[in-house]
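Geometric and topological summary
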Amino acid sequence: MALDKNQIAKRIAQELEHNTYVNLGIGIPTLVANYIPEGIDIEFQSENGVLGMGPFPFEGEEDPDLINAGKQTITTLDGAVLFDSAISFAMIRGQHVQLTVLGAMEVSEKGDIANWKIPGKMVKGMGGAMDLVASAQNIIVAMMHTNRLGDSKILKKCNLPITGKNCVKKVVTNLAVLEITEDGFKLSERAPGVSVSEIIAATAANLIITGEVPEMII
Amino acid sequence: MALDKNQIAKRIAQELEHNTYVNLGIGIPTLVANYIPEGIDIEFQSENGVLGMGPFPFEGEEDPDLINAGKQTITTLDGAVLFDSAISFAMIRGQHVQLTVLGAMEVSEKGDIANWKIPGKMVKGMGGAMDLVASAQNIIVAMMHTNRLGDSKILKKCNLPITGKNCVKKVVTNLAVLEITEDGFKLSERAPGVSVSEIIAATAANLIITGEVPEMII
Amino acid sequence: MINKFVENIELALDGVKSNMTFMFGGFGLSGIPENIIKELSNREVDGLTCISNNAGVDEFGLGLLLKRKQIKKMISSYVGENAEFERQMLSGELEVDLIPQGTLAERCRAGGAGIPAFYTPAGYGTEVAKDKEVRIFNGKPHILENSLVADFAFVKAWKGDTAGNLIYKGTARNFNPLMAMAGKITVAEVEELYPAGELDPNHIHTPGIFVQRIMQGENYEKRIEQRTTRKR
Amino acid sequence: MINKFVENIELALDGVKSNMTFMFGGFGLSGIPENIIKELSNREVDGLTCISNNAGVDEFGLGLLLKRKQIKKMISSYVGENAEFERQMLSGELEVDLIPQGTLAERCRAGGAGIPAFYTPAGYGTEVAKDKEVRIFNGKPHILENSLVADFAFVKAWKGDTAGNLIYKGTARNFNPLMAMAGKITVAEVEELYPAGELDPNHIHTPGIFVQRIMQGENYEKRIEQRTTRKR
């Protein structure tokens, strides 16, 4: 069965490495914080100026002066620190943040990502995404495999204006885990109960498949 | 009679304008702080990271963590602020500091200044001087008119490696006040009792002299 | 000490005119200069170029100026919260320059720091790089970005003193310290105003030299865009 | 929380080798990492490239490394306090790269911030501009300067916590926060070390993300170069 959003987040959480700083984008990526594996120390950075983000506040304790990049009220943990937007992006551009997880509208087999604009229709802006994808050492995309019309978001080439070139390393969707290799998308895991042929059918790009494709362990 | 160092500082203090930020170099410029005219509010910036410098500390109250750019122990006044070297030079480079007073080995009639290096002999480095002279809106040089060998420091062209080009606006020496105009040095004041011909004799550059040259009022 | 205190918002906004370029601190609705924005929305100034990370919401923040069509051009990184904004942009009524958030922050800082231009990898290979110089450093392509300055920068701080020194709270800091540096005239409104000497000089985020006028703000609404909580 | 605490100076300096590039915070003798410099002067490491605003005095600070000829090259802005330095430089034993102080600060910050190069007016028309690209912005010539990074950055703070967050005191801040950003490995020694959570997150100057190791310093001498006082 295809994963739900929480299960996608849970699968991505398995990628977290001990003692690393991580930036989580809006949407599914935010959910990753709920599934940090035992024994793994992570600090979450939010590009609006906080490192060491904690869970949402208890009801009645929301502070309008303490939000994340999704404008959600948050809390901070021991060891947290606040800073301005220039220092925040110094962390990002200077590659001090090891992992970025973000959503996407499209990902290409070269690792290009599009997630900021649908010309003539939706123009929300790139926010910090262009800075993040241009500099992060490791970028994982969390998204549904297809859009609302059922079209594949895994493409040979992005149709939408891109956010960054050759930057995505891995994609986790409701159907599969895909690694981006020099030769394109490698299908490395499939959602429990989802067959390789179902994934191929839902994917516009070519998939490199070598041997048995294991099921994800969620 | 030629001015002493304190009198040079006192004459420069007359140039201070109300509500301005001022950076004083090492040596004679530092003395300017002792002669701020009544009714003039000034804040002194020191490029090692302090704005709102006060007088030297009382004996026994020196703080090694509170020094000026000349490595002298200082105090701070109400409203003072401490910052890092990048912010300090953001103030300087960004033209937030209105006046810079500094010493020199040579000044040319184009407003070039040399004060950081005697090749093969003395190489202390430029410190913050190159940043200051490249960006300050107003630069006044405080120095002796001649060097220890009696040679003029007011030149048609600098012989030493320069610190900055076309930047000095005014020079106050023990003998004279000189303004730098498009056509070169204009002799605008002379030290009390010092004659125009004495100044000409001590000066290697041409001097523009129009009418009577008034005596400085110290 | 150079006194930056102004008694009221009229003095704070002295010299504000149509067709000027303004910077506004804030991220979303957090840390925006509420009093100044409200006052501007009551004035007959338009044709404005506004530099701000976001564009407010329909009835608050810069949304107030958008509604009255006072803004000719927005320079922002993310404008997704404002339906009227999207309408004006897609219809062509509003000019919009969208900039990567880190580039926006750094361009403001550079403007204040006298750095006219710098190279960044953000936006290489995208629309953002159009007509911009590309140069390779350490094997990686970067684009040249220019600094930004404004006729007025409007910022909001938690605490301030009469010397213009500012301290921000939490993530309400965001773009405020950078825009404070980049305004030809920077006006700060603060929640708490102190006499010079009351704030610890080690703890100040924006040195007073960057601030030309400081005023006491009032009636802070501090709207929350996404009130997210957990149960006890 | 990511724990940066190391128990002793051996762990703090793990990986230090000859021929590396080091940054040292401090201005004059104020805010220098005294413990680390002393330890380095007792080790058999040489051929070092040292980036530091100054070069210490003859018997203290980086003067200790100079005396033992551990330094191959200095990158500094002002070195006037050290007679041995001047001797080694004029005799050609020591390579020296003198850089305008503001450019040095900004190059370190740029190195930490992922900005490979920027334009500054400082040094235009001087020896400093030799072989550097010149470009006119707003009618004024600027030169292109590259960022700096180091194998190790050694910094000294007043207070620190186990998450690596740092707070500096007075003018001992200077280059420390900028070099902290630019070290591949940044080691901080602090006067006062606290458990994470004890320092106010609004008041931290260097976020812990820039610091890889933090250690408790001891026996701070804090020499004063120019003891200037007034009479009561």
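Scoring rules and cut-offs
Residues numbered from 1 in each chain as written. Chains lettered and ligands numbered in written order. Predicted model: local features only at pLDDT ≥ 70, side-chain atom pairs only at ≥ 80, totals over all residues. Heavy atoms only, no water. Contact = heavy atoms within 4.5 Å. Buried area = accessible area lost by both parts, 1.4 Å probe. Salt bridge = Lys/Arg side-chain N within 4 Å of Asp/Glu carboxyl O. Polar contact = N/O pair within 3.5 Å; in protein donor to acceptor, adjacent residues only side chain to side chain. Helix = DSSP H or I, 4+ residues; strand = E, 2+ residues; numbered from the N terminus. Buried < 20%, exposed > 50% of the residue type's maximum accessible area, 1.4 Å probe, protein only. Phe/Tyr/Trp six-rings, centres within 6.5 Å; stacked < 30°, edge-to-face > 60°. Lys NZ or Arg CZ within 6 Å of the ring centre and 35° of its normal. Nonpolar A, V, L, I, M, F, W, Y, C, P; charged D, E, K, R; others polar. Axes fitted to C-alpha atoms, helices over the stretch in contact; angles between N-to-C directions. Parallel < 35°, antiparallel > 145°, perpendicular 65-115°, else oblique. Left-handed = near helix turned anticlockwise from the far one by under 90°. 1 Å grid on protein atoms, 1.4 Å probe; cavity = no way out; pocket = protein on both sides within 12 Å on 5 of 7 lines; lining within 4 Å. Points joined across faces, edges and corners; volume = space filled by probe spheres on them. Expected span 1.5 Å × (residues − 1).

What follows concerns the interface of chain B and chain C. On the side of chain C, 22 residues touch chain B, which itself brings 22 residues to the contact. Together chain B and chain C conceal approximately 1800 Å² of surface at their shared face, both sides included; 63% is due to carbon and sulfur atoms. Its largest share of buried area at the contact with chain C, chain B owes to Y21(B), L82(B) and H96(B), together 27% of the area lost on that side. Joining chain B to chain C, the criterion identifies 0 salt bridges. One can count 6 residue pairs in polar contact (both at pLDDT 80 or more) joining chain B with chain C. Where the side of chain B that touches chain C is concerned, the elements lending two or more residues are β1 (20-24), β2 (42-46), β4 (76-82) and α3 (85-93) of chain B. With 6 residues, α3(B) is the largest single contributor of residues to the side of chain B that touches chain C.

Residue and element names in this part refer to chain B. Within the secondary structure, L160 sits in the loop between β11 (154-155) and β12 (170-172). L160 gets classed as buried once you look at its relative accessible area, which sits at 17%. When the C-alpha positions of L160 and P119 are compared, they lie 7.7 Å apart, and in sequence the two are 41 residues distant. With near-sequence residues (within four places) excluded, L160 lies in contact with M105, E106, A114, K117, I118 and P119.

Per the stated rule, a full pass over the model turns up 13 aromatic pairs over all chains. Centroid distance F24(C) to F154(C): 5.4 Å. Interplanar angle 40 degrees. Geometry classified as tilted. With a gap of 130 residues between them, F24(C) in strand β1 (residues 21-24) and F154(C) in strand β8 (residues 150-161) connect regions that are remote in the sequence. F154(C) sits in the buried class, given a relative accessible area of 0%. Measuring from ring centre to ring centre gives 6.0 Å for F22(D) and F152(D), while their planes differ by 90 degrees; the resulting arrangement is edge-to-face. In this pair, F22(D) is assigned in strand β1 (residues 21-24) and F152(D) in strand β8 (residues 150-161), connecting sequence segments 130 residues apart. F152(D) carries the same exposure label as F22(D), and that label is buried. One aromatic cluster is present, formed by F22(C), F24(C), F152(C) and F154(C) through successive ring pairs. Against the face of W158(C) rests K159(C), its NZ or CZ located 4.4 Å from the ring centre. One cation-aromatic arrangement involves R230(C) over F58(A); the distance from NZ or CZ to the ring centre is 3.9 Å.

Attention shifts here to the interface of chain A and chain C. With 50 residues of chain A in contact, the opposing surface of chain C contributes 51 residues. Summed over the shared surface of chain A and chain C, the number is 7 salt bridges. A salt bridge links D65(A) to K169(C), with the shortest nitrogen-to-oxygen separation between them at 3.3 Å. At the boundary of chain A with chain C, the tally comes to 30 residue pairs in polar contact (both at pLDDT 80 or more). Elements with a contribution of two residues or more to the side of chain A that touches chain C: α3 (85-93), β9 (122-123) and α4 (129-135) of chain A. Taken together, the residues that form the side of chain A that touches chain C break down as 21 nonpolar, 15 polar and 14 charged.

Two numbers describe how α3(B) lies on helix α5 (residues 101-113) of chain D: the axes approach to 9 Å, and their chain directions differ by 125 degrees. One way to sum up the angle between α3(B) and α5(D) is to call them oblique. Here α3(B) and α5(D) pass one another in a crossing that is left-handed. Each of S85(B), A86(B), F89(B) and R93(B) in α3(B) lies in contact with α5(D), whose residues at this interface are Q101(D), G102(D), T103(D), A105(D), E106(D) and R109(D). Across the contact of α3(B) with α5(D), the residue classes tally to 3 nonpolar, 4 polar and 3 charged.

Counted by the stated rule, this structure contains 10 cavities of 30 Å³ or more. Estimates place the volume of the largest cavity at around 550 Å³. Forming the boundary of the largest cavity are 32 residues, of which D84(A), I87(A), D84(B), I87(B) and H205(C) lie nearest the centre. Taken together, the residues of the lining of the largest cavity sort by class into 19 nonpolar, 7 polar and 6 charged.

Here we take up the environment of I208(A). Residue and element names in this part refer to chain A. Along the chain, I208 turns up in strand β15 (residues 207-208). Residue I208 is classed as partly exposed on the basis of its relative accessible area of 27%. With 118 residues separating them along the chain, I208 and A90 place their C-alpha atoms 37 Å apart. Contact partners of I208, with chain neighbours within four places excluded, come to T181, D183, G184, F185, K186 and L187.

Residues and elements named next belong to chain B. Within helix α1 (residues 5-13), burial applies to I8, A9, R11, I12 and A13. Here the buried face of α1 lies against α2 (28-31), β5 (99-102), β10 (138-142), β12, β13 (176-181) and β14 (184-190). Here α1 starts with a cap whose side-chain oxygen sits 3.1 Å from the backbone nitrogen of N6, and that cap is D4.

Side chains three or four residues apart in an α-helix point the same way, a direct result of the helix having 3.6 residues per turn. Residues and elements named next belong to chain C. In this model, helix α5 (residues 101-113) (13 residues) spans 18 Å end to end at C-alpha, consistent with the 18 Å of a helix rising 1.5 Å per residue. Among the 13 residues of α5, 13 are classified as buried, and the element is accordingly described as predominantly covered. G114 sits one or two positions beyond α5 and adopts a positive phi of about 70 degrees.

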